[in-house]
Amino acid sequence: MRMTRTLALALAVALLAGSTLAQQITLRAADNQPATYPTVLGLMAMAEYLEAASDGRIVMEVFPGGQLGDERSTIEQVQLGVIDIVRTSTSPVGEFYPAMGVYSMPFIFRDEAHMWKVVQGPIGKELLDGLRAADMVGLAYYDSGSRNFYTATTPIRSVADLQGLRIRTQQSQVVLDMMDALGADPVPLAFGEVYSALQTGVIDGAENNYPSYGPGGVRHYEVAPYFTENAHARVPEIVMISASTYDRLSAEDRALVREAALASVPVQAALWAALVAESREAVVEAGSEIITVDIAEFQDAMAPVYEKYADEYGDLLQRILDTE
Ligand code: GCU
């Protein structure tokens, strides 16, 4: 079939427009922490890297403070390709891709070094890649330290003190089971609702790391002055991209996005380490009571959680525990 000149011209214009469009890429990224929090600054470092490495062709806009929705909703939006990138705790991701829930198991990591060894080794990679099953691609992990209990009026000095207390949990079955094992009454709530729930007494307490609790984070210390250093979990953060966005990128741009995410990891980690120490000091200064406990007692109480998940995580659980 012969094309008329007008049709050929129209086609050429459309192709040209298409290729220009394909070159300019804008990615939207969500985070539920405040704008100066280490995870958000990590995403900003990723954005700078991408923009510089692509000569301004790839722009990544970062929306902090839960502007694009709470964690669960932003994960869903990333699955659907409505949001391109999200930084979230791995806990709620376990509800979309069960294997990811393994990181929320109580006392699964001996310490910070063990956590990094696992997430930056073959297991970490397996789980990043496994997210494909949930229409997402895992790019990198960020640090989130250890999680600890804090309460508004009843200090927690032992497992017995948790009996019947209403403790906010992340939207994660593993975390719910952990609270049950401790005898607490778990109340799953979005992160953004925790401050007012503590303030109004809807919940008795919550659990998180020092930076989230302190003035560099969402300031729960203002409404829950008893902080118990029991370090029951060490749940890493994750940066994920929508599989539909990822698949639309050229092979070269996919590599750039991966590179940029990895380049932001040491930036986030350095800011994180500084903020942990700073936050602890600041909350003590503000009057929080820091409580130390017999951690072995908390560990022993978690045995039923390991029994419940032994089959589901099986080999994965053991491989993490065995990582030296
Ligand atoms: C951490 C994490 C948040 C998460 C929060 C939570 O603070 O950085 O992204 O929402 O835990 O307990 O929900």
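The structure this text deals with has already been given above.
To start, this report covers the structure provided alongside it. Since the model is a prediction, treat every value here as computed from it, not as a measurement.

Right, let's get into the pairing of strand β5 (residues 147–151). Judged by how many residues are buried, β5 sits mostly within the fold: five of five residues are covered. Of the two faces of β5, the one holding R147, F149 and T151 and the one holding N148 and Y150 are both buried throughout. Note that β5 and strand β9 (residues 226–233) share four bridges and pair antiparallel. By the bridge assignment for β9, T151 is matched with Y226.

Another aspect to go through is the sheet that holds strand β2 (residues 58–63). Taken together, five strands build an open sheet; the order of strands is β2-β1-β3-β10-β4 and the sheet is mixed. At either end of the open sheet lies a strand with only one pairing partner, and these are β2 and β4 (136–142). If you compare each strand with its neighbour and ignore which way they point, the axes differ by 25 degrees on average. Pairing between strand β3 (residues 85–89) and strand β10 (residues 237–242): five bridges, direction antiparallel. When the sheet's bridge partners are listed, R87 is paired in β10 with V239. Sheet contacts for helix α11 (residues 251–285): β1 (25–30), β2, β4 and β10; angle to β4, the most-contacted strand, approximately 25 degrees.

What follows deals with the site of the ligand. Taken together, N32, Q33, E71, R87, R147, R168, Q170, F191, N208, S212 and E237 form the complete shell of residues around the ligand. Note that an oxygen atom of the ligand is positioned 2.9 Å from one of the side-chain N or O atoms of R87. One of the side-chain N or O atoms of N208 is found 3.1 Å from an oxygen atom in the ligand. The protein chains hide 99% of the 320 Å² of surface that the ligand would expose on its own. Built from parts of two domains, the shell around the ligand gets at least three residues from each of domain 1 (25–144 + 235–278) and domain 2 (147–234 + 282–322).

Calculation criteria
Residues numbered from 1 in each chain as written. Predicted model: local features only at pLDDT ≥ 70, side-chain atom pairs only at ≥ 80, totals over all residues. Heavy atoms only, no water. Buried < 20%, exposed > 50% of the residue type's maximum accessible area, 1.4 Å probe, protein only. Helix = DSSP H or I, 4+ residues; strand = E, 2+ residues; numbered from the N terminus. Pairing = 2+ DSSP bridges. Axes fitted to C-alpha atoms, helices over the stretch in contact; angles between N-to-C directions. Contact = heavy atoms within 4.5 Å. Near = heavy atom within 4 Å. Polar contact = N/O pair within 3.5 Å; in protein donor to acceptor, adjacent residues only side chain to side chain. Areas by Shrake-Rupley, 256 points an atom, 1.4 Å probe, with all protein chains shown as cover. Domains from an automatic or database assignment.

Read these as layout, nothing more, since geometry by itself doesn't imply function.
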